[in-house]
Amino acid sequence: MDAVLVTEVVAALLAGAAGEAGKSAWASLTALAKRRFGGDEDAVAALESAEAADTQHVVTVLQQKAAEDAEFAGELSSWATQTRQTLHLTSTTNIIGGNATIHGNAIQAGHIGSITLN
């Protein structure tokens, strides 16, 4: 399981990323967790009541469960990868450095859709 990827996706979802699609993705994570460790009420409650400030706690619970259950770890990894793609969560690094000389504007961004510049 890629803990960085899971953290990125969970943090984005808890911050409200992608509106309804994000809510749907969170519901699918909660359903996955209930299927895998439904008897652990504390773990399920951590997901069901999570807010943006709880990101690290949620990730810790998921990591603990993934360490105990290799099948869950695989399912969680697949969920995170698919959710990242579905929500267009990408890791973008923009750098203007070295001896660069810029005259005018510079735009640095990840996926932003269509834009028109004049």
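Residue numbers restart at each chain and count upward from 1, following the sequence in its written direction. Residues qualify for local features only when their pLDDT is at least 70, as the model is predicted, and side-chain atom pairs are given and counted only at 80 or more; totals for whole chains, interfaces and linings, by contrast, use all residues. With hydrogens and water stripped out, all remaining heavy atoms of the structure feed into the side-chain values.

*Asks:* I would appreciate a short explanation of the overall build of the protein in the present structure.
*Replies:* Strands are runs of DSSP state E lasting at least 2 residues, helices are runs of H or I lasting at least 4, and numbering of each runs from the N terminus. Along the backbone of the protein there are 5 helices and 0 strands. Helices (α) and strands (β) of the protein occur, in sequence order from the N terminus, as α-α-α-α-α. Only heavy atoms enter the contact rule, under which two residues are in contact if any of them lie within 4.5 Å. Expressed as a percentage of contacts within the protein between residues at least 6 apart in sequence, the contacts between residues at least 24 apart total 60%. Working definition of accessibility: Shrake-Rupley area with a 1.4 Å probe, residue cover restricted to the visible protein chains. Of the accessible surface of the protein, which amounts to about 7,500 Å², a share of 48% is contributed by carbon and sulfur atoms.

*Asks:* When you look at the packing of aromatic side chains in this model, what are you seeing that I'm missing?
*Replies:* Two descriptors summarise a pair of aromatic rings, namely the distance from one centre to the other and the angle between the planes of the rings. To pair, rings of Phe, Tyr and Trp, with the six-membered ring standing in for Trp, must have centres within 6.5 Å; the planes then decide the type, stacked if under 30 degrees apart, edge-to-face if over 60, and tilted in the middle. Counted under the stated rule, the structure contains 1 aromatic pair. For the pair Phe37 and Phe72, a centre-to-centre distance of 5.3 Å together with 85 degrees between the ring planes defines the contact as edge-to-face. Of this pair, Phe37 sits in helix α2 (residues 19-37) while Phe72 sits in helix α5 (residues 70-86), and the two are 35 residues apart along the sequence. Taken individually, Phe37 and Phe72 each receive the classification buried, so the pair is uniform in this respect. Relative accessibility thresholds used throughout: buried, under 20% of the residue-type maximum; exposed, over 50%; partly exposed, between the two (1.4 Å probe, protein chains only).

*Asks:* What is the right way to read the side chain of Thr55 from this model?
*Replies:* Among the secondary structure elements, Thr55 is positioned in helix α4 (residues 55-68). Relative accessible area serves as the criterion here: at 13%, Thr55 is assigned to the buried category. Not counting the four nearest positions on each side in its chain, Thr55 is found in contact with Thr7, Val10, Ala11 and Leu14.

*Asks:* How should the pattern of salt bridges be read in this particular structure?
*Replies:* Between side chains of opposite charge, a pair can form when the charged atoms approach closely. In the sections that follow, a salt bridge refers to a side-chain nitrogen of Lys or Arg positioned within 4 Å of a carboxyl oxygen of Asp or Glu. This model, assessed by the stated rule, comprises 8 salt bridges. Where Arg36 meets Glu71, a salt bridge forms, and the shortest distance between an N and an O atom there is 3.5 Å. On the criterion of sequence distance, the pair formed by Arg36 in helix α2 and Glu71 in helix α5 is long-range, its members being 35 residues apart. Given a relative accessible area of 27%, Arg36 falls into the partly exposed group. Across the pair Glu75 and Arg36 runs a salt bridge, and its minimum N-O distance is 3.7 Å. Remark: Arg36 occurs in helix α2 and Glu75 occurs in helix α5; sequence separation between them is 39 residues.

*Asks:* Mind showing me how you'd approach the environment of Lys65 here?
*Replies:* With respect to the secondary-structure elements, Lys65 resides in helix α4. It is 9.9 Å that separates the C-alpha atoms of Lys65 and Leu76, two residues lying 11 residues apart in sequence. Once residues within four sequence positions are removed from consideration, Lys65 is found in contact with Phe37, Asp40, Ala43 and Phe72.

Nothing here speaks to function; it is all geometry.
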